[in-house]
Amino acid sequence: MSLAQSIYRNPHWQLVQSQWLNLVRLPSYSLPTLLFPLMFYSFFGLVMIPGQSLWLLCTFATFGVLGTALFAFGVGVASERAQGWLLLLRASPAPVNAILAGKAISAMLFAAITIVAMSWLAALFGDVRLPIGAWVSLVLVLVAGTLPFCLLGLAIGLWLSPNAAPAVINLIYLPLGFLSGLWIPVPALPDALQTLATWLPPYHLAGLALHVTGALPGPWLVHLLVLLLYTLIFGFLAALGWRHFTGN
Amino acid sequence: MKHLILIFVLIATLAILTLLLPTPGASSESPPVVSHFAIDNVRVFDGHQVIENATVIVQDGQVRSVGDNETLSAGVERIDGSGKTLLPGLIDGHAHSFGDSRIDAARFGVTSLLDMFTAPEQLLPARQQRTSLDRSTQADLFSAGILATAPGGHGTQYGLDVPTLDQPDETADWVAERIAEGSDYIKIVVEPLGGRLPTLNAEIVAALVEAAHAHGVLALAHASTLEDATMALNAGVDGLVHIFQDQPVPEAFIAQALESGLFVVPTTVVLGSMLGAVDGSTWLEHDHLGPRLSPVQRQSLTQPGWATSLGQQRWPLVLANIQALHQAGVPIIAGSDAPNPGTGHGISVHHELQLLVEAGLTPIEALMAATSVPAQRFSLEGRGCIKPGCRADLLLVSGNPIADIEATGAIERVWKNGQEIELAYIAPPTEAIGRDEHDLLAPDERQYWQAASDQFMGGKSTASMENRESGVLVQGQLLTGSFSPYSGAMWMAGSGAMEAVDLADRQHLSVRIKGDGGPFQLMIFSGASPGAMPVMLDLVQDDAEYGLDVELADLALLEPGHFRAFGIFATGQPRDVEFEIVEARLE
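A. Molecular detail of the overall build of chain B. Along its length, chain B carries 13 helices and 26 strands. Going through the 587 residues of chain B one by one, you find that 49% of them count as buried.

B. Structural view of the nonpolar core. Counting 204 residues, the largest nonpolar core has A209 of chain A together with V56, I186, I188, V205, L208 and A232 of chain B as the members making the most contacts within it. The dominant element in this core, judged by the number of residues it contributes, is helix α4 (residues 53-82) of chain A, at 18 residues. In this view, I186 of chain B contacts A144, A148, V175, R178, L208, A212, V217, A219 and L220 of chain B; residues no more than four positions away in its chain are not counted. Core analysis: the next-biggest nonpolar cluster, separate from the first, contains 38 residues, A489, L503, V577 and A584 of chain B among them.

C. Summary view of the pairing of strand β19 (residues 486-492) of chain B. Residue and element names in this part refer to chain B. Counting buried positions along β19 gives 6 out of 7 residues, so the element sits mostly inside the fold. With 5 bridges connecting them, strand β16 (residues 449-453) and β19 associate as antiparallel partners. Its bridge partner being in β19, A451 is matched across the sheet by A489. Of the pairings in the sheet, the one linking β19 to strand β25 (residues 563-571) comprises 7 bridges and is antiparallel in character. When the sheet's bridge partners are listed, S487 is paired in β25 with A570.

D. Representation of helix α8 (residues 146-159) of chain A in the model. Between its first and last C-alpha atoms α8 of chain A spans 20 Å; for 14 residues at 1.5 Å apiece the expected length is 20 Å, and the two agree. Across the 14 residues that make up α8 of chain A, a large majority, 14, are buried.

E. Up close: the environment of A107 of chain A. Residue and element names in this part refer to chain A. Within the secondary structure layout, A107 lies in helix α6 (residues 96-125). A107 sits in the buried class, given 29 other C-beta atoms within 10 Å. Not counting residues up to four positions away in its chain, the partners in contact with A107 are T68, A69, A72, F73, T146 and C150.

F. Summary view of the sheet that holds strand β7 (residues 110-115) of chain B. Residue and element names in this part refer to chain B. Taken in spatial order, the 3 strands line up as β6-β7-β8 in an open sheet, and their pairing is parallel. Two strands lie at the open edges of the sheet, namely β6 (90-95) and β8 (140-143), each paired on one side alone. Neighbouring strand axes in the sheet, compared pairwise and without regard to direction, differ in orientation by 20° on average.

G. Representation of α4 of chain A in the model. All names here are of chain A. Look at α4: 42 Å from first C-alpha to last across 30 residues, which is about the 44 Å you get at 1.5 Å a residue. Counting buried positions along α4 yields 27 of 30 residues, so the element is predominantly enclosed. Positioned one or two residues after α4, G84 has a phi angle of 85°, which is positive.

H. The interface of chain B and chain A, seen in detail. Chain B puts 26 residues into the contact, and the matching count from chain A is 31 residues. Elements with a contribution of two residues or more to the side of chain B that touches chain A: α1 (2-19), α3 (123-130) and α4 (171-181) of chain B. Ranked by residue count, the leading element in the side of chain B that touches chain A is α1 of chain B, at 8 residues. Tallied by class, residues from the side of chain B that touches chain A come to 14 nonpolar, 10 polar and 2 charged.

I. Structural context of the packing of α4 of chain A against helix α11 (residues 201-213) of chain A. Residues and elements named next belong to chain A. Contact pair α4 / α11: the axes reach a minimum separation of 9 Å and the direction vectors enclose 140°. By the angle class used here, α4 and α11 are oblique. Where α4 crosses over α11, the handedness of that crossing is right-handed. For the pair formed by α4 and α11, the contact residues are L54, W55, C58, T59, A61, T62, V65 and L66 on the first element and P202, L205, A206, A209, L210 and T213 on the second. Here the residues of the contact of α4 with α11 are counted per class, giving 11 nonpolar, 3 polar and no charged.

J. Inspection of unusual backbone geometry at higher detail. All names here are of chain B. Backbone torsion omega between A338 and P339 reads 5°, so that peptide bond is classified as cis. The topology assignment puts P339 in the loop between α10 (309-328) and α11 (347-358). A positive phi is found at N417, a non-glycine position, where the angle reads about 50°. Note that N417 resides in the loop between β14 (411-416) and β15 (419-420). What makes N417 buried here is the crowd of 27 C-beta atoms within 10 Å. Residue D543 is not a glycine yet carries a positive backbone phi of 55°. Here D543 shows up in the loop between β23 (540-542) and β24 (545-551). A count of 7 C-beta atoms within 10 Å places D543 in the exposed class.

Criteria and cut-off values
Residues numbered from 1 in each chain as written. Chains lettered and ligands numbered in written order. Predicted model: local features only at pLDDT ≥ 70, side-chain atom pairs only at ≥ 80, totals over all residues. Helix = DSSP H or I, 4+ residues; strand = E, 2+ residues; numbered from the N terminus. Buried ≥ 20, exposed ≤ 12 C-beta atoms within 10 Å, placed from the backbone. Core = buried A, V, L, I, M, F, W, Y, C linked by C-beta atoms within 7 Å. Contact = placed C-beta atoms within 7 Å. Pairing = 2+ DSSP bridges. Expected span 1.5 Å × (residues − 1). Axes fitted to C-alpha atoms, helices over the stretch in contact; angles between N-to-C directions. Nonpolar A, V, L, I, M, F, W, Y, C, P; charged D, E, K, R; others polar. Parallel < 35°, antiparallel > 145°, perpendicular 65-115°, else oblique. Left-handed = near helix turned anticlockwise from the far one by under 90°.

Printed below as a string of structure tokens:
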């Protein structure tokens, strides 16, 4: 048996792959989460506000990451929970952690597609030029930054009903993006909103992206620590949610 | 299995696409940059030392090699540098960027500006621009943005919205705001002006320094006395952006400066000009450089300083303190403080180099003060150097500035990002004035008048205007609150506010007003930059009338090709203002 085959037969990988297929075969997920950030970036970052392509690449790519993570987990988990699919999986010998890992890896892949596509838009139409290290860092930072938002989505998906989850996610997704300065740069927001932004996790992920691309070198350690803190909080909420779900 | 393979293929594709993203200098979309040339047989100052008879090869915006002659493919331009010296594009360690400052600086071989206070809106675009190696005709900008000062303190008088500091616990947020606006470092003002101005106390200065360092940026201080400079040094600042000149620098200060690694940007040229010891206006007569000065440069160079007797005493201390610090090993950085009185962007860096040599630096040390020293202290990678990989910001001068520092002014060619830039000042073209009425109080011209006061500049004076058959009546109040209060009315030459037009054949302006309690001034606004200072002339009293007839050609600083507006204003002491403009003719 070749290595590839043995990987393939591994139940963990099977589940990772099934979660990927799950998302790919759901155009109502894959198209909006991929296309919306690219469309927004084209409108705002390239056409309407010229000269700020790099800055807005960082923030709109963060926005894309936010969407892929929240929708993959929040909506997906809530509906699978409602269909009893999660319960069934739990009863089966299937490793649950592989299901979650599968979803996370899929969300990261989708995030990576968004980020790379948006980077190419920025390079071709926004004249953005970065050293190769900065391009790679941008992609890696944002792909890794998917994690806290995956956990946030997971917590929402576990706590809320399948009808409420999409609504709540939409309610979080758009305002969180705006208030974190992902659409309009934070320095251009009113003072009160600027203060609010520093409390929101996407602001810090965008801060890291701005830092590694050199658009705005900043306190990267602070951004990183805040994101880690949020990852712990969201992880804790998701763990509580898991208990809530399994206790049902 | 198919999907597993697809996932890996997808990951590999994304990785490859990421690695193929365009990098600076290797643009795939915009047409290839034609910047490939060699300068042969040239004396090179590489930021640290001199290399005689070298060949410098520039390619794609960067210096590719410095060394012996090399065979290059046909078609690569070869420039003969015999008898000439190639310098790194100079760095102005203290400037204020407004309007066309960065273009003016670059035309004089100053390709990076370390701004010490300006409007923050330009910072983020400038940040993106300076990372590029694309063609540019401007000096790159690094900036403190808004300065740190006390409410009502130095820096609040220029009409910019300056958030001030009152308490040490405000400093962390204040610094974070500057960083978010794009400030590269923090400038802190310690300027009590002999007790006449509110200023930051030691506690706030120390907190600011700490906050700046927490963000990993430099903290710099404006101080003009030993006492204030010592306070800043104790607070831990990285640099002083002026040299103090109230007393000789004591040994203890030097020892502490050396220990803390302090650098000093003495701004000799602006201090000399303020103290009346240095005359920037002589540059207007310079054979080579005078004709290249823009109207804005000429304007600021000819603005007078104080020229007090105190100044004459203090000027030797300026030079002596620079020498003492320099000899002890405190790093000195060349800075002009342009466009303050007696200085002009770009040109005054050359003036500063001469003054630093006068203060006791060798020409090489002076050149280092405008290249490698600021590059190192401000972490300006690839600037202030001529080495492989350095940004191709280059200044070619005839003669040898190592022997005679004045030769830096013998500018022959300047390259920014490896592309040659035009050295002459070129005024942007304007439309000719479209109206042919010479009587500016005629009914058709009345719409071009408007009331104006110093509120525009942050002052408190008021003005209102009423059209009467006999003329334009102005009423208002002149109140203190800005540097130079004014209240009156303006006539606009173009159809847009302050739009520049070419006056073409008009040569003569005459105005007459009825009113009492002068002084009144005629201010004429012209120039390629809307921010250029107006020409100011006092109206002459004749009984109850004040008036003036001026030949426009007699006004050296007026640009009839870019005429924007003129205004008639009550100026001087606070008072109620009422006058009627009864004659205004432009013929």
